[in-house]
Amino acid sequence: EIACRDLLRQLDARSLIQLPGALCASRRPGYRNRIQTPAILRDRIDVCLDQIKSEVRIVPVETTDQRHLLRDLLATHHYLGYRQPTGATMGYLVYWWDRPVACARFGPSAWKVAARDTFIGWTSEQRQLGLKRVANNDRLLILPWVRVPHLASFLLGRICRRLARDWWSVYQESLVLAETFVDSERFAGTCYRAANWLCLGQSQGRGRNDREHAGGQPLKSVWCYPLQRDFARRLLEAAP
């Protein structure tokens, strides 16, 4: 709904359509989501993965309380903070027993990525049709007091095995590929490599929606994970 409203406002601003008057006021300019520090236990968890992996639960974000917890965890503890997603999004909260230990979010894919597009080998027309079958892992967070070696790669593997099914249940759209971008100055992408993601190369310093070639973004390594064995054929299909 957010993406649709934004598109309609853009079309109205360009005089391509004429919207009726709003029934109620929209958010004021500069509005920011109200962020709260999560009231959760912060005692250090310093154990081996084998000790807890059978008790780890991965929960898709569905309720309002879950969405607020995901928002507050990312805003408080992720170095990129929280930004309101636009378009199809799937979030996950990870619990050990009843304690949150991690979270992740997948959203719309990047419009153009040279390394990814070369890897797939699609045309511009195929890309425009196929992007809806690609999801971008734009956030992955292990909470700072959780010190469990290999937990991140373990969770990536578990989440990716269920992502396509969960996405279909909400959006009735078949996902075939996941992508992510890792800030090369901060991280080596070790957990993605350990979870069998493929490193395709580096970005060109452009943002996810940079259609004007403005650049100015940090260089990032580009990673992808096939969710279907025949992902390439599905992405190259001319029909939607």
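Asker: Mind laying out the environment of Ala152, listing which residues take part and the relevant values?
Answerer: Within the secondary structure, Ala152 is located in helix 6 (residues 151-171). Under the relative-accessibility criterion, Ala152 is labelled buried at 17%. Separated by 50 residues in the primary sequence, Ala152 and Ala102 place their C-alpha atoms 8.5 Å from one another.

Asker: Give a detailed account of the environment of Ser221, specifying residues and quantitative values.
Answerer: Within the element layout of this structure, Ser221 appears in strand 7 (residues 220-226). Under the relative-accessibility criterion, Ser221 is labelled buried at 10%. In contact with Ser221, not counting residues within four places along its chain, are Thr180, Phe181, Val182, Ser184, Cys199, Gly201 and Gln202. There is a polar contact of 2.8 Å between the side chain of Ser221 and the side chain of Trp223.

Asker: I'd love a proper account of the pattern of salt bridges, names of residues and values included.
Answerer: Within this structure, the stated rule accounts for 11 salt bridges. Here Asp230 and Arg233 are joined by a salt bridge, their closest N and O atoms 2.5 Å apart. Residue classification places Asp230 among the partly exposed residues on the basis of a relative accessible area of 26%. A relative accessible area of 46% places Arg233 in the partly exposed class.

Asker: Go over the state of the cysteines with me, naming the residues and quoting the values.
Answerer: Taken as a whole and judged by the stated rule, the model has zero disulfides. Distance from the sulfur of Cys224, which forms no disulfide, to the nearest cysteine sulfur (Cys199) is 9.4 Å. Judged by its relative accessible area of 1%, Cys224 is buried.

Asker: Provide a residue-level description of the packing of aromatic side chains, including the pertinent values.
Answerer: Evaluation of the coordinates by the stated rule reveals seven aromatic pairs. For the pair Tyr192 and Trp223, a centre-to-centre distance of 6.4 Å together with 35° between the ring planes defines the contact as tilted. Taken together, the positions of Tyr192 in helix 7 (residues 190-194) and Trp223 in strand 7 put the pair 31 residues apart, joining distant regions of the chain. Judged by relative accessible area, Trp223 falls into the buried class, the value being 1%.

Asker: Hey, could you go over unusual backbone geometry for me, with residue numbers and the actual values?
Answerer: Of note in the backbone geometry, Trp97 takes a positive phi value of approximately 55° without being a glycine. Among the secondary structure elements, Trp97 is positioned in the loop between strand 2 (90-96) and strand 3 (99-108). Positive phi outside glycine occurs at His150, with the angle close to 70°. Along the chain, His150 turns up in the loop between strand 4 (134-142) and helix 6.

Basis of the calculations
- Residues numbered from 1 in each chain as written.
- Predicted model: local features only at pLDDT ≥ 70, side-chain atom pairs only at ≥ 80, totals over all residues.
- Heavy atoms only, no water.
- Helix = DSSP H or I, 4+ residues; strand = E, 2+ residues; numbered from the N terminus.
- Buried < 20%, exposed > 50% of the residue type's maximum accessible area, 1.4 Å probe, protein only.
- Contact = heavy atoms within 4.5 Å.
- Polar contact = N/O pair within 3.5 Å; in protein donor to acceptor, adjacent residues only side chain to side chain.
- Salt bridge = Lys/Arg side-chain N within 4 Å of Asp/Glu carboxyl O.
- Disulfide = S-S within 2.5 Å.
- Phe/Tyr/Trp six-rings, centres within 6.5 Å; stacked < 30°, edge-to-face > 60°.

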